[in-house]
Amino acid sequence: MSKTTVLAGQPEWNKRSKTEQKKSKRFAYKKYRLLLIMLIPAVLYVTIFNYVPIYGLLIAFEDFHITKGFFGSPWVGLAHFEKAFSDPGFYLVLKNTVLISVYRMIWGFPIPILFALLLSEVKNVRFKKAVQTASYLPHFISWIILGGIFMSILSLEGPVNAILSLFGVDPILFMADTKYFRSILVVTSILASFGWSSIIYFAAITGIDPHLHEAAVVDGAGRIKRMMYITIPLLMPVISIMLVLSMSGILDAGFDQIFNMYNSQVYDVADIIDTYVYRKGLVDMDYGYATAVGLFKSVIGLILMLTANGLAKRMGGGDYTLW
Amino acid sequence: MVRYGSKVADILLYAFMTGVLIITLYPFWTQVVISLDGGDAAHSSFKLFPSTISFDSYKLAFDFDALWVGYKNTIIRTCLGVVISILATAITAYPLSKKDLPLNKWITRFMLIQFIIGGGLIPNYLLIKYLGMYNTIWALVIPGMLSTFNVMIMRNFFRSLPESLEESAMVDGAGFLRIFVRIILPLSMPIIATEALWVGVGHWNAWFDALIYTNDTNKEMLQLVLRRIIIQNNPTQFSDILTKLQEKNPYSGMQLQATVIMLSILPMLVVYPFMQKYFVKGIMVGAVKG
């Protein structure tokens, strides 16, 4: 048998008889022995680093002590969950998480789309590239540095207070004010991410057949009309998929950012599930409890994503969903 | 693409985009200004340009040993991390790029499931402890070594290479290993470079794993040194340097922070414009479903 027939593959395969299929299967194993061996490290790696931690979630149901280990620690059933649900502190972080990420989604989701739509109307290629390059930049800077920069801009001596003082407003200690802190988180996170998030929409816009626009122009459609009736409808599948994806992250309020920007004065409005899990687990070493809270978060995220995907499927069919 | 629009709309559009340009670059510009400002003792708050240019804070920052220890460790981590990741990704992606490889579908699924579910912070932390990786560089480069996303992108790239190349090499008697090393890898430099950049930037900016998996100041990463200076505001050596600087400039706390920020992102700012197109290209390649 020549190699090409095997490589060319699928269609003829199905036509063959069962015994022949078995034979060629055995042949494939033999032929690809080396490649299968190459995959062993990856399978082991994924097992250890991705699946073992999933198994490790069982410590959410244990009174886990690091000295007694996974198998030596006693089972406690749902005690950690009961503790969480009866703790007002847990509801506070849950509320903060949901609020911050919902605000972030309401404001942050449309902005990249709008930005991509508008920038695609810019004709000057160099200017367009410059704006694009600048808008991606913050994505490549860590939140430690971004947090530091934003804190310095919002500090008492910073430019924001300097501008406010021109209007006779007294200096505001933004980073320590519970009134402003959530808005600051949302605005700065959008500033840092809108450019990078817009890439996928750019790609989709570039993929639109220019003939559609030409035909519309012949029919007398202006810029706005073409955007409304051509570009946006053709973007809908991408928008929908991005929305479904972001639903699963509704309880991800942005650990990196908040952990580096918050302080004890604003815990009440800024402490989220992830920072709470970090403090309970790695600072207070209450492993079982922290794992239970983390598990709660992942389960809700998974349910939200499945629901959103289901809704998208019902509304728009296969093009609008993840699977 | 054809465009027919009014002049007014164009002017508004360009004005708006210039605004976007300013808003995204201004935060970084403030740091440049603050770090270079000679300090005329006037309120140093809101300047678009430094009143006088001085490199005092940069000179002093060179005495800040912790910063350079962090630099060194981060460079080591980044290089090691990139090499390990790219090797692992390529070795995994190549077999998976063969559509008729037995078990291909199952292994792909096995690797994809963890996109949806994962163990979370504590089980991962305990795993690293049990594996004895705590406080070693392996805790920083091994756990994120193989990303399914990167594997899928590289696999798609391998699939896009012409099959006839491989077939003719096989006719000449080459095995898969030789084909992989001599033909596939050299042809895949675009995707390898792209992913190396992604992984490299990831390692350069990573801090949380270093925070939880290491506690030895000699092994401290640059980002954590920065965190102590910028966020927590209190390393001892830093305050010595600060006192020296304060004789000249009353706002030197902010200035020294800005200087350290500049020193740490400078390498990024220099190479960024050149790398940028690769980042984007990679995303586009990855967007091709396969």
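Since the model is a prediction, treat every value here as computed from it, not as a measurement.

Undergrad: In this structure, what is going on with the overall build of chain A? I would like to understand it.
TA: Tallying secondary structure elements over chain A gives 19 helices and 0 strands in all. Against the globule reference of 20 Å for 323 residues, chain A gives a C-alpha radius of gyration of 26 Å, more extended than a compact globule. Principal-axis analysis of the C-alpha atoms gives chain A an extent of 85 × 75 × 35 Å. The buried share among the 323 residues of chain A stands at 47%. The contacts of chain A with a sequence gap of at least 6 include a subset with a gap of at least 24, amounting to 62%. On chain A, roughly 16200 Å² of surface is accessible, and the fraction owed to carbon and sulfur atoms is 67%. Of the side-chain charges in chain A, 29 are positive and 21 negative, and the distance between the mean point of each set is 16 Å.

Undergrad: I tried to follow the side chain of S35 of chain B on my own but got confused; where do I start?
TA: Residues and elements named next belong to chain B. Relative to the helices and strands, S35 is located in helix α1 (residues 7–36). Classification of S35 by relative accessible area gives buried; the value is 0%. Those residues in contact with S35 that sit more than four places away from it in its chain are S54, S57, Y58, Q255, A258, T259 and M262.

Undergrad: Just to check I follow, could you spell out the confidence of the model for chain B for this structure?
TA: Detailed reading of the predicted model is not advised wherever pLDDT is low. When pLDDT is averaged along chain B, the result is 85; 88% of the residues meet or exceed 70. The spread of mean pLDDT over the elements of chain B runs between helix α13 (residues 236–246) of chain B, the lowest at 69, and helix α6 (residues 138–141) of chain B, the highest at 95.

Undergrad: Help me understand the side chain of T74 of chain B in this model?
TA: Residue and element names in this part refer to chain B. Relative to the helices and strands, T74 resides in helix α3 (residues 65–96). Since its relative accessible area comes to 1%, T74 is described here as buried. Beyond its immediate chain neighbours, meaning those up to four positions away, T74 contacts H203, W204, M221 and L222.

Undergrad: Just checking my understanding: could you explain the pattern of salt bridges for this structure?
TA: Note on pairing: side chains with opposite charge can pair once their charged atoms come close. Considering all chains together, one arrives at 10 salt bridges over all chains under this definition. A salt bridge links E121 of chain A to R223 of chain A, with the nearest nitrogen and oxygen atoms 2.9 Å apart. Remark: R223 of chain A occurs in helix α15 (residues 223–248) and E121 of chain A occurs in the loop between α8 (110–119) and α9 (125–136); sequence separation between them is 102 residues. By the burial criterion, E121 of chain A is buried, and R223 of chain A matches it. Here the residues in one salt-bridge network are E121, K123 and R223 of chain A together with D10 of chain B, joined through shared partners.

Undergrad: How should I be thinking about the environment of I48 of chain A in this particular structure?
TA: Secondary-structure assignment places I48 of chain A in helix α4 (residues 33–56). Distance in space between the C-alpha atoms of I48 of chain A and R182 of chain A is 38 Å, their sequence separation being 134 residues. In this structure, I48 of chain A is in contact with P53 of chain A together with L127 and L131 of chain B, ignoring residues within four places of it in sequence.

Undergrad: Got a minute to help me understand the packing of aromatic side chains in this structure?
TA: Any pair of aromatic rings gets described here by the distance separating the centres and the angle formed by the planes. Counted by the stated rule, this structure contains 41 aromatic pairs over all chains. With a centroid separation of 4.9 Å and an interplanar angle of 15°, the aromatic rings of F255 of chain A and F259 of chain A are classed as stacked. Here F255 of chain A pairs with F259 of chain A, and both are found in helix α16 (residues 255–261), just 4 residues apart, close to one helical turn. When sorted by exposure, F255 of chain A lands in the same class as F259 of chain A, which is buried. Aromatic side chains W29 of chain B and F49 of chain B sit 6.0 Å apart centroid to centroid with 75° between the ring planes, which places their arrangement in the edge-to-face category. Separated by 20 residues along the polypeptide, W29 of chain B in helix α1 and F49 of chain B in the loop between α1 and α2 (56–61) bring together distant segments of the chain. In this structure W29 of chain B comes out as partly exposed when scored by relative accessible area, which is 34%. A connected cluster of aromatic rings, assembled from ring pairs, spans F255, F259, Y262, Y267 and Y278 of chain A together with W207 and F208 of chain B. For K83 of chain A, the ring lying beneath its charged end belongs to Y289 of chain A, and the centroid distance is 4.1 Å.

Undergrad: Looking at this model, I keep getting lost on the packing of α3 of chain B against helix α4 (residues 104–116) of chain B. Mind explaining?
TA: Two numbers describe a pair of packed helices, the interaxial angle and the distance between the axes. Residue and element names in this part refer to chain B. Interaxial distance between α3 and α4 falls to 10 Å at its minimum, and their mutual angle equals 140°. Taken together, the axes of α3 and α4 are oblique relative to one another. Between α3, through T92, P95 and L96, and α4, the contact on the second element is made entirely by N104, I107, T108 and M111. The class makeup of the residues in the contact of α3 with α4 is 4 nonpolar, 3 polar and no charged.

Undergrad: Would you explain the interface of chain A and chain B in this entry?
TA: Many structure descriptions define interface size as the accessible area lost when the parts assemble. Residue-level contacts link 91 residues of chain A with 93 residues of chain B. Carbon and sulfur atoms make up 77% of the surface buried where chain A meets chain B, a total of about 8600 Å² over both sides. On the chain A side of the contact with chain B, Y45, F140 and I144 of chain A bury the most area, a combined 8% of that side's loss. For the interface between chain A and chain B, the tally reads 2 salt bridges. A salt bridge links R223 of chain A to D10 of chain B, with the nearest nitrogen and oxygen atoms 3.0 Å apart. For the pair chain A and chain B, the number of links is 17 residue pairs in polar contact (both at pLDDT 80 or more). In terms of residues, the side of chain A that touches chain B owes the most to one element, α4 of chain A, which gives 18 residues. Taken together, the residues that form the side of chain A that touches chain B break down as 63 nonpolar, 19 polar and 9 charged.

Undergrad: Even after reading the chapter, I still don't get empty space enclosed by the protein, so can you show me in this structure?
TA: Where empty space is left becomes clear once a probe the size of a water molecule has been rolled over the atoms. For the structure shown, the criterion picks out 5 cavities of 30 Å³ or more. In this structure, the second largest cavity occupies an estimated 50 Å³ of space. Along its surface, the second largest cavity is lined by P138, L146, F150, L191 and A192 of chain A together with I23, T24, P27 and F28 of chain B. Of all the elements in the fold, those that place two or more residues in the lining of the second largest cavity are α10 (143–153) and α12 (178–197) of chain A together with α1 of chain B. No other element matches the 4 residues that α1 of chain B contributes to the lining of the second largest cavity. Split into classes, the residues belonging to the lining of the second largest cavity amount to 8 nonpolar, 1 polar and no charged.

Undergrad: Please clarify how the nonpolar core should be interpreted in this entry.
TA: Counting residues in hydrophobic clusters, the biggest one holds 170 residues, and the most contacted among them are F181 of chain A together with Y94 and F158 of chain B. Residues contacting F158 of chain B, with those up to four places away along its chain left out, are A90, A93, Y94, S97, F180, I184 and S188 of chain B.

Undergrad: For this particular structure, what's the right way to read helix α10 (residues 189–205) of chain B?
TA: In an α-helix, one turn spans 3.6 residues, which is why side chains three or four residues apart end up on the same side. The end-to-end C-alpha distance of α10 of chain B, which contains 17 residues, comes to 24 Å, matching closely the 24 Å that a straight helix rising 1.5 Å per residue would cover. Listed in full, the buried residues belonging to α10 of chain B are I191, I192, T194, E195, W198, V199, G200, V201, H203, W204 and N205 of chain B.

Reading guide: rules and limits
- Think of each chain on its own: its residues are numbered from 1, step by step along the sequence as written.
- To read the labels, note that chains go from A and ligands from 1, taken in the order they are written.
- Owing to the predicted nature of the model, reporting of local features is limited to residues with pLDDT of at least 70; listing and counting of side-chain atom pairs is limited to 80 or more, with chain, interface and lining totals taken over all residues.
- The basis for the side-chain values is all heavy atoms of the structure; hydrogens and waters are excluded.
- Here a helix means four or more residues in a row that DSSP labels H or I, a strand means two or more in a row labelled E, and each is numbered from the N terminus.
- Restricting the calculation to C-alpha atoms gives the radius of gyration, and the globule rule supplies 2.2 Å times the number of residues raised to the power 0.38.
- When accessible area is computed with a 1.4 Å probe and restricted to protein chains, residues below 20% of their type maximum are described as buried, those above 50% as exposed, and intermediate ones as partly exposed.
- Contact definition: two residues touch when any of their heavy atoms are within 4.5 Å.
- For every accessible area listed, the method is Shrake-Rupley and the probe measures 1.4 Å; residues are considered covered only by the protein chains on display.
- Positive charges come from Lys and Arg, negative ones from Asp and Glu, while His and the chain ends are left out of the count.
- Charge positions are represented by NZ for Lys, CZ for Arg, CG for Asp and CD for Glu.
- For every residue, the predictor assigns a confidence score, pLDDT, that lies between 0 and 100.
- Whenever a carboxyl oxygen of Asp or Glu lies within 4 Å of a side-chain nitrogen of Lys or Arg, that contact is scored as a salt bridge.
- Each Phe, Tyr or Trp ring, with Trp reduced to its six-membered ring, pairs with another whose centre is within 6.5 Å; inter-plane angles below 30 degrees give stacked pairs, above 60 give edge-to-face pairs, and intermediate values give tilted ones.
- The criterion for a charge sitting over a ring is simple: Lys NZ or Arg CZ within 6 Å of the ring centre, and within 35 degrees of the ring normal.
- Axis definition: a line fitted to C-alpha atoms, over the contacting stretch in the case of helices. Angles run 0 to 180 degrees between N-to-C directions.
- Each angle gets one of four labels, with under 35 degrees taken as roughly parallel, over 145 as roughly antiparallel, 65 to 115 as roughly perpendicular, and the rest as oblique.
- Polar here means any residue other than Ala, Val, Leu, Ile, Met, Phe, Trp, Tyr, Cys and Pro, which are nonpolar, and Asp, Glu, Lys and Arg, which are charged; Gly is therefore polar.
- By convention, the term buried area covers the 1.4 Å-probe accessible surface removed from two parts as they join, with the contributions of both added.
- Whenever a nitrogen or oxygen atom comes within 3.5 Å of another N or O atom, the pair is scored as a polar contact, on the condition that within protein one atom can donate a hydrogen and the other can accept it, and that pairs from neighbouring residues in sequence are kept only if both atoms are in side chains.
- Site definitions follow a grid-based scheme: protein atoms alone, a 1 Å grid, a 1.4 Å probe that fits but cannot get out for cavities, and for pockets an open set with protein on both sides within 12 Å along at least five of seven lines, plus lining residues having an atom within 4 Å of a point.
- Grid points are joined across faces, edges and corners, and a volume is the space filled by probe spheres set on the points.
- Here, nonpolar core means buried Ala, Val, Leu, Ile, Met, Phe, Trp, Tyr and Cys residues that are tied together by side-chain atoms lying within 4.5 Å of each other.
- The span one expects for a helix is its residue count, reduced by one, times 1.5 Å.

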